[in-house]
Amino acid sequence: MEEKRRSRRNFAQNIIITLLSLSAVALLMQTQLYSLDLPMRYDESAAGSSQAASAPLAALAAPVRVAVTGTYGRYASVALTTADDAFAEPLGRRLLEALGSARDYSACSPQDFLRALEEPSVYYDFLKPLPLSILAGLAGGEEEVSPREDLSARRLLIVPQDSGTILYLWDGEEACFRAATAVSADSLGQVIGHYELGGASFAMDGPADGPERVLDPCSLLPAEAPDLPAFSSGDPLASTDWLLSALGFHPRSRTRHTESNGTELIMDGDRTIRIRPDNSVFYQSGQDPSLQIQASGELPTLREAALGAGSLLDGLLSPVSGEIQPYLQSIRRSGSVTVLRFGYQAGGVPVRFQDGGSAAEMTLTGTAVTALTVRFRQYNLTEEPSMLLPLPQALAVAAASPGKELSIGYVERGGECRACWLSD
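Residues numbered from 1 in each chain as written. Predicted model: local features only at pLDDT ≥ 70, side-chain atom pairs only at ≥ 80, totals over all residues. Heavy atoms only, no water.

**Q** Can you help me understand the overall build of the protein in this one?
**A** Helices and strands together make up the secondary structure of the protein, namely nine helices and 22 strands. Burial statistics for the protein: of 424 residues in total, 49% are counted as buried. Within the structure as shown, the protein displays about 20200 Å² of accessible surface, and the carbon and sulfur contribution to it stands at 51%. (Helix = DSSP H or I, 4+ residues; strand = E, 2+ residues; numbered from the N terminus. Buried < 20%, exposed > 50% of the residue type's maximum accessible area, 1.4 Å probe, protein only. Areas by Shrake-Rupley, 256 points an atom, 1.4 Å probe, with all protein chains shown as cover.)

**Q** Which parts of the structure should I look at to understand the environment of proline 326?
**A** Examined against the element boundaries, proline 326 turns out to sit in strand β15 (residues 325–334). Classification of proline 326 by relative accessible area gives buried; the value is 11%. Separated by 265 residues in the primary sequence, proline 326 and alanine 61 have C-alpha atoms spaced 8.0 Å apart. Ignoring any residue separated from it by four or fewer positions in sequence, one finds proline 326 in contact with Ala61, Leu313, Asp314, Leu317, Gly343 and Tyr344. (Contact = heavy atoms within 4.5 Å.)

**Q** Whenever I open this one, the packing of aromatic side chains confuses me. Can you help?
**A** Aromatic ring pairs are reported here in terms of the distance separating the ring centres and the angle at which the planes meet. What the rule picks out here adds up to eleven aromatic pairs. Pairwise contacts between aromatic rings join Phe113, Tyr123, Tyr168, Trp170 and Phe202 into one cluster. A cation over an aromatic ring shows up here: arginine 375 above the ring of phenylalanine 353, its NZ or CZ 4.3 Å from the ring centre. (Phe/Tyr/Trp six-rings, centres within 6.5 Å; stacked < 30°, edge-to-face > 60°. Lys NZ or Arg CZ within 6 Å of the ring centre and 35° of its normal.)

**Q** I tried to follow empty space enclosed by the protein on my own but got confused; where do I start?
**A** Vacant regions in the atomic arrangement are exposed by a probe of water-molecule size rolled over the atoms. Overall, the coordinates contain three cavities of 30 Å³ or more when judged by the stated rule. Considering the residues around the largest cavity, the lining is formed by Leu57, Leu60, Ala61, Ala62, Ile134, Leu138, Ala306, Gly310, Pro326, Tyr327, Leu328 and Phe342. Looking at the lining of the largest cavity, the elements that each hand over two or more residues are α5 (132–138), α8 (302–317) and β15. With three residues, the top contributor of residues to the lining of the largest cavity is β15. Partitioning the lining of the largest cavity into residue classes produces eleven nonpolar, one polar and no charged. Lining the second largest cavity, in full, are Arg65, Val78, Cys218, Leu220, Glu405, Leu406, Ser407, Ile408 and Trp421. Counting residues per element, the lining of the second largest cavity draws most heavily on strand β21 (residues 406–413), which supplies three residues. Residue composition of the lining of the second largest cavity, grouped by class: six nonpolar, one polar and two charged. (1 Å grid on protein atoms, 1.4 Å probe; cavity = no way out; pocket = protein on both sides within 12 Å on 5 of 7 lines; lining within 4 Å. Points joined across faces, edges and corners; volume = space filled by probe spheres on them. Nonpolar A, V, L, I, M, F, W, Y, C, P; charged D, E, K, R; others polar.)

**Q** For this particular structure, what's the right way to read the packing of helix α3 (residues 85–101) against helix α6 (residues 185–193)?
**A** In a packed pair of helices, the relevant descriptors are the angle between the two axes and the axis-to-axis distance. Contact pair α3 / α6: the axes reach a minimum separation of 10 Å and the direction vectors enclose 155°. Viewed along their axes, α3 and α6 adopt a mutual orientation that is roughly antiparallel. Handedness of the crossing formed by α3 with α6: left-handed. Facing α3, whose interface residues are Pro90, Leu91 and Arg94, α6 presents Ser187, Gln190 and Val191. For the contact of α3 with α6, the class distribution of residues is three nonpolar, two polar and one charged. (Axes fitted to C-alpha atoms, helices over the stretch in contact; angles between N-to-C directions. Parallel < 35°, antiparallel > 145°, perpendicular 65-115°, else oblique. Left-handed = near helix turned anticlockwise from the far one by under 90°.)

**Q** Looking at this model, I keep getting lost on the confidence of the model for the protein. Mind explaining?
**A** A low pLDDT means the predicted coordinates there should not be read in detail. When the pLDDT values of the protein are averaged, the result is 86; 85% of them are 70 or greater. Every residue in residues 1–6 scores below 50 in pLDDT, and together they form zero contacts with partners more than four places removed in sequence or on other chains. Within the model, pLDDT remains below 50 along residues 15–54, and this stretch shows 43 contacts once partners closer than five positions in the same chain are excluded. (pLDDT = per-residue confidence, 0-100.)

**Q** Would you explain the side chain of threonine 367 in this entry?
**A** Within the secondary structure layout, threonine 367 lies in the loop between β18 (360–365) and β19 (368–375). For threonine 367, a relative accessible area of 17% gives the class buried. Not counting residues up to four positions away in its chain, the partners in contact with threonine 367 are Leu291, Gln292, Ile293, Ala295, Gly297, Glu298 and Pro300.

**Q** Teacher, can you tell me more about the nonpolar core here?
**A** Soluble globular proteins: nonpolar side chains tend toward being buried together. Counting 115 residues, the largest nonpolar core has Tyr124 and Leu156 as the members making the most contacts within it. Looking at this core, the element that brings in the most residues is α8, giving nine residues. Sequence-distant contacts of leucine 156, defined by excluding residues within four places in its chain, comprise Leu95, Leu99, Phe113, Val122, Tyr123, Tyr124, Phe126, Leu135, Leu167, Tyr168 and Leu169. (Core = buried A, V, L, I, M, F, W, Y, C linked by side-chain atoms within 4.5 Å.)

**Q** What am I meant to see in the layout of surface pockets here?
**A** Reported here for the largest pocket is a volume of approximately 590 Å³. For the lining of the largest pocket, the secondary-structure elements that each account for two or more residues are β4 (121–131), β5 (152–161), β15, β16 (337–346) and β17 (349–352). Looking at the lining of the largest pocket residue by residue, the class counts come to nine nonpolar, eight polar and eleven charged. The volume enclosed by the second largest pocket comes to roughly 220 Å³. Looking at the second largest pocket, the residues that line it are Arg74, Tyr75, Ala76, Ser77, Glu196, Leu197, Gly198, Gly199, Ala200, Pro222, Ala223 and Glu224. Across the lining of the second largest pocket, the residue classes tally to six nonpolar, three polar and three charged.

**Q** Help me understand helix α9 (residues 391–398) in this model?
**A** Helical geometry note: an α-helix holds 3.6 residues per turn, so side chains three or four residues apart project in the same direction. Residues of α9 that are buried: Ala394, Leu395 and Ala398. Seen from one end, α9 has its buried residues packed into an arc of 100°, which puts them on one side. Seen from the open side of α9, the exposed residues pointing more than 90 degrees away from its buried face are Pro392, Ala396 and Val397. Against the buried residues of α9 lie β9 (220–221), β21 and β22 (416–423). (Arc of directions from axis to C-beta.)

**Q** I would appreciate a short explanation of the sheet that holds strand β7 (residues 176–181) in the present structure.
**A** In any sheet, the strands associate via hydrogen bonds between backbone groups, in a parallel or an antiparallel arrangement. Pairing in this open sheet of seven strands is antiparallel, and the strands run β2-β1-β4-β5-β6-β7-β3 from one edge to the other. Across the chains shown, the open sheet's two edge strands, defined by having one partner strand only, are β2 (74–77) and β3 (106–107). (Pairing = 2+ DSSP bridges.)

**Q** Where do I start with the state of the cysteines in this structure?
**A** With the rule as written, the count across this model stands at zero disulfides. Between cysteine 420, a cysteine without a disulfide, and cysteine 417, which holds the nearest cysteine sulfur, the sulfur-to-sulfur distance is 8.8 Å. A relative accessible area of 17% places cysteine 420 in the buried class. (Disulfide = S-S within 2.5 Å.)

**Q** Teacher, can you tell me more about unusual backbone geometry here?
**A** Leaving glycine aside, a negative phi is the common case for residues, and trans is the common case for peptide bonds. With omega at 5°, the peptide bond leading from glutamate 89 into proline 90 counts as cis. Relative to the elements of secondary structure, proline 90 occurs in helix α3. A positive phi angle, near 75°, is found at leucine 127, a position not held by glycine. We classify leucine 127 as buried; its relative accessible area is 12%. The backbone of aspartate 162 shows a phi angle near 55°, a positive value even though the residue is not glycine. For aspartate 162, the location among the structural elements is in the loop between β5 and β6 (164–170).

What follows is the structure in structure tokens.
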């Protein structure tokens, strides 16, 4: 009998020892996830797979204003994104066809662009100049359209000429180009016929003595202002453990303290994160950056940089941002360093900060993220509409600043974010 009891006791002890051992292994693995697996998994999902690098940029929605002009009227939208079905077909497809077939660009003047804008045409405004390869990606293209990554445009226009069409590019300043495309005049006419042409206008269409004539001539004025909601502001960084893990830091780091101005400083070797009370986050990599984007070579193409950086940023923001998404505003390169700036948009309407700054800025050295600045925001939908001034009153106010562009954007004020008319 004693022998049986001893045997059962030994068996129970072995089970307990085994369970304790497994628990210890699980605890060790959980600890290592903070410093190893989480950032690796983050990179793979946000920027690390070769499939992500080759995916079209259309997956990253960007605001775009469009106008379709016919003989007897004009359709316009000032609240549209490149990810919307209403853009993809037929507007995005025709733009992609034009960009893919345009050859032998020649310089022209902004006045040539404005004269063409008076004709039957399809017009696109991406708010800031972007390289053609990125614009093609936003329109749904799988591959880069133009090897000339130095050629950028903010405003694009497709107009018929004889049986073909001409594509105009304008950066909004002085650089303006045009080229013949393989899009037929009949095909463009079908696009124009797809829309109910109404009373939308450009500022340049106004009467000679009207207040709109002193504005930027491409200020796009819809016949009726869109119905846009208001948003309340939440606290996106009420907890920061997930953010530290995503950036490859241990949330329980002991090298973590608060500076006199309220900024929280977290260090991991020579890497640092600073989190300000206003929810601005500053990341600096060390000598061995842990955040990488995927590219086909050591130096990403501009398109690869835009897709990789945009996916990484969206992965950081999507858990907390609510109703807003980031979009690419600008990209520039010097040697192996690429700097990308991003804004926020809600439903195709850009969000404007009162200091005029961007929502995020990322610096890539090769494929490594060496610096990152993000203004974290959380906007939650309310049941209240944004009350826009009627267009005549908005024009009267904007006319006091000749040459400025009149547009609609969201602005933060006192814990909420509402759409309003902007003059800049």
